[in-house]
Amino acid sequence: MSFILLSALTGFADGEAGNTKKKNARNNPLLLEHPVLYVARPQYNYDHHNTETLFQTGEINTKLFKGKSSLRLWNPKNNNITVLLDVPEGIVRDPCLSFDAGKILVSLRRNIRDDYHLYELTLKTGGWLNAEKLTVTEKEKDIIENRTLSLVQLTFLSGASDIDPLYLPDGNIVFSSTREPKYCMCNRHIMANLYKMNGDGSNIQQIGKSTLFEGHASLLPDGRILYDRWEYVDRNFGDAQGLWTTTPEGFNHAVFWGNNTSSPGGVIDARILPGSSGEFLAVFTSTHDHPWGAVALIDRQRGIDGKKAVLQTFPADALGLIDDGSKDHFTESMRYDTFKKVSPKMEDPFPLSADWFLASGQTGEGNKIGIYLLGRDGTMEAVHTDSDYQGCFDPMPMKPATPPPVNVQTADLTKTEGDFYVTNVYEGFHMADVPKGSVKFLRVVESPEKRTWTQNRFWENRHGQQFPGMSWTDFNNKRILGTVPVEADGSVRFTVPADTWIYFQLLDEQGRMIQTMRSGIIIRPGETNGCTGCHEDRLATVPLPAAVPAALTKPPQPLKEWYGKPRLFSYVEEVQKPVFDRYCVACHDYGKTGDHPNMPNLAGDFNTIFNTSFVEIYQRHLIKTVGTGPHTKLKPYTWGAVQSKLADVMLNGHGKKEIDEKRRELGLYVDCKTQPEAADRVITWIDINAPYYPVYATSFPDNRFGRSPVSDAMWKRLAELTRVKTGFTDGDKNRTLDWLVSFSRPELSPCLEKLPKDSAEYQEALTILREGKASIEKYPRGENAAAVVLPPRDAEQEAKYQRFRRLEERMRQAIISGTKLRDR
């Protein structure tokens, strides 16, 4: 097997000093101590996001899969290479060495027609360096073996990708998987969550439920799992990828580092340093790039965000790209992609000791990747590359390790709920500014996953792309689970559905949001979890309360439902019909606001993507939402109903005596006293970030924005007939055709106003609008979640989702009954 010892690569070291550094690195005792395990493969093709390396079968980017790889050992003492696994048409990835160094977990895909499954490679006899090569071909076998090695397949689920396996100290395995098929809100790519299974591949259960990606699990000294997570609730997609921890059972998911840092856009692939509880390595990467960038050495004791906690980077000049807290997210365009500037780009860090680390990095020959030795003294030297492959990835020493303690917590899978508590909601980020006694309720909201997408039809503004259109600026749909009273001392304890992605909001006596989470959490079945406050300092020591918090002296309280059973929130069903249609359109409708240009039109007529009132409210800035908000934590009272003109009208009336008296005479007056439910519905809608659609499913996936009831050809013809532009500008008062149509009452469409009613153009335009009305009546496009007729591809995706859910439920029942079930 041929290889190259990197002794003279231009651009990385110069002259005699450079050669000396390379020689010193090459002779480092820690490097020579053990053979180095690594994967030889090409760099993954780029597509959209650093998490997108799967190219799963049946997905939008399957064709980008590029095979040919091998699992290898490099002996630094004599430069010999031993090939353990050869996969001529596929990819082997994500190796994990057992604690005794006798087994290796890998994720393996035989070819483009296969999916990633987990395998275990076992040394049967002799030493790893003398092993005979195993070749993995398309022929499917559960076990492939020879005299020295045995490769056993552990997972088998077709249509799912299992990656990033991790041995646990009790013999179980944690990994990431797409077994709950979901897609990133800002595009169309398959995402993954954390799962756990027995060491033989049986009894798989999901232990992470975030709406996007959870990966690169590693172990902390106390046995918890450290992993990277990409998810956004009411915040920007580009800077929402940081490090989190959880237990092997999925208890107590908690932020570890980097969740509120704008640059780097992603903090991934972290490993704690030996003998340390606070220093760790991670990759600082960009949102829209390969999973590479700079390797960073970080001390968490210095802070859980930002530049102050970063001790050094490799390369060193990447330190200047880190968010130092002085630059505003909205004035620094694309900060989340800043680490594209790094050169050479590095990935896959692995600590040899507290001072020396392995990593993969560019060698100076295009995208060719070699193995590097990094040192706390500034050493950054390439020490090995292959001549027959473009890259050497995931380097690690073949060295036994002491396992951390076994975590004995287990979820009670016979239960469907867990409970959560807060000891004092007035503790935390700027919560001292909130007068004691102001918080009366806590609301629990679910942020569901995205199960379907539209191919090339999306709604786009400066906040990103939605496939299909969902809301003015936000990507998420929502489900209100209910509220619970907060005790006078600020404590609260309540039950929530288990394994559900939720977040919390603090409300005042009028039901307005004071503070909100912009991330999510889950409770496992039977788990009790809690926190000391809201957005509290994770490194601070909070004094014990003088008395036991009142809520903790009582059983957890059930949630009070919000006007009926929990359901996906639809603007049309929850706000338009029960509030605006009933109380407002008598005055705020087409033909009734002409003499009052400042009066918003609150009619419910459907336009190309939303409805009239929804567009009017946003264009007239009648509400203040966070949209896809900044990476920074926001102070209480920053946005929502407390800052919105519309909420003030709903609570206090119009403020003009003659208008309010007229509305009272008509029985249409609304304020918090006369029509509390109507006011609360509008306030609640604003405070959950003013969503529009309840579902990502649509009956018109191939039309404009994925929502228009008329075809693109008909839309183009309508624009020609009416001579109205079809572009739009991020929510300003823009007379685009999209907002000047009514598919509910076509004759009232403002785009027809300048056309003579007896003209051929008017009649043809009206015909197009009426066809749109007929289409949307026959095939509701998504405003009513239950009424959407799924197109064939979406129906297939939903059927797959439900099939995988049924398999997981069978696994759950096997765990409860003490039996074993595999996913064959």
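Small disclaimer: the values here were computed from a predicted structure and weren't measured.

Each value, and the rule that gives it
Residues numbered from 1 in each chain as written. Predicted model: local features only at pLDDT ≥ 70, side-chain atom pairs only at ≥ 80, totals over all residues. Heavy atoms only, no water. Helix = DSSP H or I, 4+ residues; strand = E, 2+ residues; numbered from the N terminus. Rg over C-alpha atoms; globule rule 2.2 N^0.38 Å. Buried < 20%, exposed > 50% of the residue type's maximum accessible area, 1.4 Å probe, protein only. Contact = heavy atoms within 4.5 Å. Areas by Shrake-Rupley, 256 points an atom, 1.4 Å probe, with all protein chains shown as cover. Lys, Arg positive; Asp, Glu negative; His and termini not counted. Charge placed at Lys NZ, Arg CZ, Asp CG, Glu CD. Pairing = 2+ DSSP bridges. Axes fitted to C-alpha atoms, helices over the stretch in contact; angles between N-to-C directions. Parallel < 35°, antiparallel > 145°, perpendicular 65-115°, else oblique. Nonpolar A, V, L, I, M, F, W, Y, C, P; charged D, E, K, R; others polar. Salt bridge = Lys/Arg side-chain N within 4 Å of Asp/Glu carboxyl O. Polar contact = N/O pair within 3.5 Å; in protein donor to acceptor, adjacent residues only side chain to side chain. Left-handed = near helix turned anticlockwise from the far one by under 90°. pLDDT = per-residue confidence, 0-100. Phe/Tyr/Trp six-rings, centres within 6.5 Å; stacked < 30°, edge-to-face > 60°. Lys NZ or Arg CZ within 6 Å of the ring centre and 35° of its normal. Disulfide = S-S within 2.5 Å. Expected span 1.5 Å × (residues − 1). Arc of directions from axis to C-beta.

Participant: Provide a residue-level description of the overall build of the protein chain, including the pertinent values.
Facilitator: The number of helices and strands found in the protein chain is ten helices and 35 strands. Relative to the 2.2 N^0.38 estimate, which gives 28 Å for 824 residues, the radius of gyration of the protein chain is 29 Å and therefore close to what a compact globule would have. Taking all 824 residues of the protein chain together, 62% fall into the buried category. For the protein chain, the share of sequence-separated contacts (at least 6 apart) that also reach a separation of at least 24 residues comes to 65%. Entry remark: accessible area of the protein chain is about 31100 Å², with carbon and sulfur atoms responsible for 50%. Side-chain charges of the protein chain comprise 100 positive and 104 negative groups, with the mean position of each set lying 1 Å from the other.

Participant: Describe the pairing of strand S16 (residues 241-246), listing the residues and the values that go with them.
Facilitator: Successive side chains on a regular strand alternate, one facing one side of the sheet and the next facing the other. Taking burial as the measure, the six residues of S16 include six buried ones, the bulk of the element. Bridge count for strand S15 (residues 225-230) against S16 is six bridges, and the pairing is antiparallel. Across the sheet, the residue bridging to Leu226 is Thr245, located in S16. Where S16 and strand S17 (residues 254-257) come together, three bridges link them in antiparallel fashion. For Leu243, the partnering residue across the bridge sits in S17 and is Trp257.

Participant: I'd like a rundown of the sheet that holds strand S34 (residues 513-516), residues and numbers included.
Facilitator: In spatial order, the strands read S31-S28-S33-S34; together these four strands make up an open sheet with antiparallel pairing. Edge positions in the sheet fall to strand S31 (479-485) and S34, since each of these pairs with one other strand and no more. Recorded for the sheet is a direction-independent mean angle of 25° between the axes of neighbouring strands. Here six bridges tie strand S28 (residues 441-446) to S31, and the two strands are oriented antiparallel to one another. Across the sheet, the residue bridging to Leu442 is Val484, located in S31.

Participant: Give a detailed account of the packing of helix H3 (residues 571-584) against helix H4 (residues 612-619), specifying residues and quantitative values.
Facilitator: Direction vectors running N to C along H3 and H4 enclose 90°, while the axes themselves pass 11 Å from each other. Here H3 is positioned roughly perpendicular relative to H4, judged by the angle of their axes. The segment H3 lies against H4, with Tyr571, Gln576 and Phe580 engaging Ser613, Phe614 and Ile617. When the residues that make up the contact of H3 with H4 are grouped by side-chain class, the tally is four nonpolar, two polar and no charged.

Participant: For the pairing of S28, give the residues involved together with the corresponding values.
Facilitator: In terms of burial, S28 is a largely internal element, five of the six residues being buried. With six bridges joining them, S28 and strand S33 (residues 502-507) adopt antiparallel strand pairing. Directly across from Leu442, in S33, lies its bridge partner Leu506.

Participant: Any chance you could break down the side chain of Glu347 for me, citing the residues and the numbers?
Facilitator: For Glu347, the location among the structural elements is in strand S22 (residues 346-351). One buried charged side chain, Glu347, makes no salt bridge at all; its nearest oppositely charged neighbour is Arg41, positioned 4.7 Å away. There is a polar contact of 3.1 Å between the side chain of Glu347 and the side chain of Gln43. In this structure, Glu347 is in contact with Gln43, Val283, Pro291, Trp292, Val295, Ala359, Ser360 and Phe393, ignoring residues within four places of it in sequence.

Participant: Please provide a residue-by-residue account of the environment of Tyr44, values included.
Facilitator: For Tyr44, the position within the fold is in the loop between strand S1 (36-40) and strand S2 (69-75). The spatial distance from the C-alpha of Tyr44 to the C-alpha of Phe65 is 7.7 Å, given a sequence separation of 21 residues. A polar side-chain atom of Tyr44 sits 3.3 Å from a polar atom in the side chain of Arg93.

Participant: Describe the packing of H3 against helix H7 (residues 676-687), naming the residues involved and giving the relevant values.
Facilitator: Contact pair H3 / H7: the axes reach a minimum separation of 10 Å and the direction vectors enclose 140°. By the criterion of interaxial angle, the relationship of H3 to H7 is oblique. As for how H3 packs across H7, the hand of that crossing is left-handed. Facing Tyr571, Glu574, Val575, Pro578, Val579, Phe580 and Tyr583 of H3, the residues of H7 in contact are Ala678, Arg681, Val682 and Trp685. Its residues placed into classes, the contact of H3 with H7 shows nine nonpolar, no polar and two charged.

Participant: I'd like to hear about the confidence of the model for the protein chain, residue by residue, with values.
Facilitator: Averaged over every residue, the pLDDT of the protein chain is 91; the share at 70 or more is 92%. Contacts from residues 329-333, a stretch scored under 50 in pLDDT, to residues over four places away or in other chains number eight contacts. In the predicted structure, residues 729-733 sits below a pLDDT of 50 and forms ten contacts with residues beyond four places in sequence or in another chain.

Participant: I'd love a proper account of the side chain of Gln505, names of residues and values included.
Facilitator: Summarising the element assignment, Gln505 is placed in strand S33. A polar side-chain atom of Gln505 sits 3.2 Å from a polar atom in the side chain of Thr516. The contact partners of Gln505, leaving out residues within four places of it in the chain, are Phe441, Leu442, Arg443, Val445, Met513, Gln515, Thr516, Asp687 and Ile688.

Participant: Got a sec to walk through the environment of Ala719? Specific residues and values, please.
Facilitator: By the secondary structure assignment, Ala719 is in helix H8 (residues 712-722). A relative accessible area of 15% places Ala719 in the buried class. C-alpha of Ala719 to C-alpha of Leu737: the two residues are 18 residues apart in sequence and 7.1 Å apart in space. Those residues within four positions of Ala719 in sequence are excluded, and the remaining contacts are Val724, Thr726 and Leu737.

Participant: An account of the environment of Asn260 is needed here, citing residue identities and associated values.
Facilitator: Mapping Asn260 onto the fold places it in the loop between S17 and strand S18 (266-272). Look at Asn260 and you get partly exposed, because its relative accessible area is 22%. In this structure Asn260 touches Arg235, Asp305, Asp323, His631, Thr632 and Lys633, once residues within four positions along its chain are discounted.

Participant: An account of the packing of aromatic side chains is needed here, citing residue identities and associated values.
Facilitator: For the structure on display, the rule yields 38 aromatic pairs. When the centroid spacing of 6.3 Å and the interplanar angle of 20° are considered together, the rings of Phe610 and Trp739 count as stacked. With a gap of 129 residues between them, Phe610 in the loop between H3 and H4 and Trp739 in the loop between H8 and helix H9 (760-778) connect regions that are remote in the sequence. Grouping residues by exposure puts Phe610 and Trp739 together as buried. Among the aromatic residues, those joined into a ring-pair cluster are Trp459, Trp472, Tyr571, Phe580, Phe610, Phe614, Tyr618, Trp685, Tyr692, Tyr693, Phe705 and Trp739. Its guanidinium or amino end placed over the ring of Trp244, Arg229 lies 3.4 Å from that ring's centre, counting from NZ or CZ. The ring of Phe256 carries Arg300 above its face, with NZ or CZ at 4.6 Å from the centroid.

Participant: Quick one: what's the story with the state of the cysteines, residue by residue and with numbers?
Facilitator: Tallied over the full model, the rule gives zero disulfides. Just so you know, Cys392 is unpaired, no disulfide at all, and the nearest cysteine sulfur is the one on Cys96, 20 Å from it.

Participant: Pulling in residues and values, what's your account of H9?
Facilitator: End to end, H9 covers 27 Å across 19 residues, agreeing with the expected 27 Å (1.5 Å per residue, within 8%). Of all the positions in H9, only Tyr762, Ala765, Leu766, Ile768, Leu769, Gly772 and Ile776 are classed as buried. Buried positions in H9, seen along its axis, are confined to an arc of 155° and lie on one side of it. H9 presents Ala760, Glu777 and Lys778 as exposed residues on the side facing more than 90 degrees away from its buried surface.

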